[in-house]
Amino acid sequence: MCPSVDIGGPAAATVEIAVHGSWSHTLGLDVSAALRDAFAGRPGAIIVDLHGLSDDEASSLPLWLAARRAAAVIRPPVQLLLCLPTATVLQQRLQYIGAQRLPMYATMSEARTAVAHARIT
């Protein structure tokens, strides 16, 4: 499978970014560019779907923490949500370090519902 980043969602509302492939430096650059583009549009929320990401060593962790910090300093702040399977190394490490203000959901449906009801936890 070729690594890819897909962006969808209406402008100024919620942007959805789906990440596909094995984590690598190149995929990290693609994800960073997609996040920069999304932040530039000043959406209310960005949901990043990581179900298609293979990251057995949680090497992408620094990028998600940096994205959380970037989302928090934008005015008005952008809600950043991750959608990833439970019991993955990445999910466990994010939970372990207590990545506050970086909500994680098991399904896109849960993440969309949280955004729709402004119930970001």
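Here, the structure is the one placed above.
**Some details on the pairing of strand E3 (residues 45–54)**
- When you tally the buried positions in E3, you get seven out of ten residues, the bulk of the element.
- Where strand E2 (residues 14–22) lies against E3, eight bridges are found, and the strand directions are parallel. Looking across to E3, one finds that glutamate 16 is bridged to isoleucine 47.
- Each parallel crossover has a hand, and the one from E2 via helix H1 (residues 25–40) to E3 is right-handed.
- Pairing analysis gives five bridges linking E3 to strand E4 (residues 79–83), with the strands arranged parallel. Residue pairing in the sheet places aspartate 49 in a bridge with cysteine 83 of E4.
- The parallel pair E3 and E4, bridged by helix H2 (residues 61–73), forms a crossover whose chirality is right-handed.

**A few points about the nonpolar core**
- Membership of the largest hydrophobic core comes to 29 residues, with the highest contact counts inside it found for Val19, Leu35, Ile46, Val48, Leu50, Trp64 and Leu90.
- Those elements giving two or more residues to this core turn out to be E2, H1, E3, H2, E4 and helix H3 (89–96).
- Excluding residues that lie within four positions of it along the chain, valine 48 makes contacts with Ile17, Val19, Leu35, Trp64, Leu80, Leu81, Leu82 and Cys83.
- Grouped together as the second largest cluster of nonpolar side chains are nine residues, Ala45, Ile47, Tyr105 and Val115 included.

**Focus on the pattern of salt bridges**
- Applying the stated criterion across every chain, the model contains one salt bridge.
- Across the salt bridge formed by glutamate 16 and arginine 112, the nearest N and O atoms sit 2.7 Å from each other. Taken together, the positions of glutamate 16 in strand E2 and arginine 112 in helix H4 (residues 108–116) put the pair 96 residues apart, joining distant regions of the chain.
- Accessibility expressed as a relative area gives 21% for glutamate 16, which makes it partly exposed.
- Judged by relative accessible area, which is 40%, arginine 112 ranks as partly exposed.

Cut-offs applied
In this numbering scheme, every chain counts its residues from 1 along its sequence in written order. Restriction of local features to residues with pLDDT of at least 70 applies here, the model being predicted, together with a cutoff of 80 or more for giving and counting side-chain atom pairs; totals for whole chains, interfaces and linings are based on all residues. Side-chain measures here rest on the full set of heavy atoms in the structure, leaving out hydrogens and waters. Whether a residue is buried, partly exposed or exposed follows from its accessible area with a 1.4 Å probe, protein chains only, as a fraction of its type maximum: under 20%, in between, or over 50%, in that order. Helix numbering and strand numbering both begin at the N terminus, where a helix is a DSSP run of H or I of at least 4 residues and a strand a DSSP run of E of at least 2. Between any two strands, pairing holds if DSSP finds at least two bridges. Every crossover in which the path from the first strand over the helix to the second runs clockwise, viewed with the strands pointing away from the viewer, is termed right-handed. Nonpolar cores were defined as sets of buried Ala, Val, Leu, Ile, Met, Phe, Trp, Tyr and Cys residues, with membership established by side-chain atoms within 4.5 Å. Between two residues, a contact is recorded if the distance between any of their heavy atoms is within 4.5 Å. In what follows, salt bridge is the name for a side-chain nitrogen of Lys or Arg lying within 4 Å of a carboxyl oxygen of Asp or Glu.

Function cannot be inferred from these measures alone, as they are strictly geometric.
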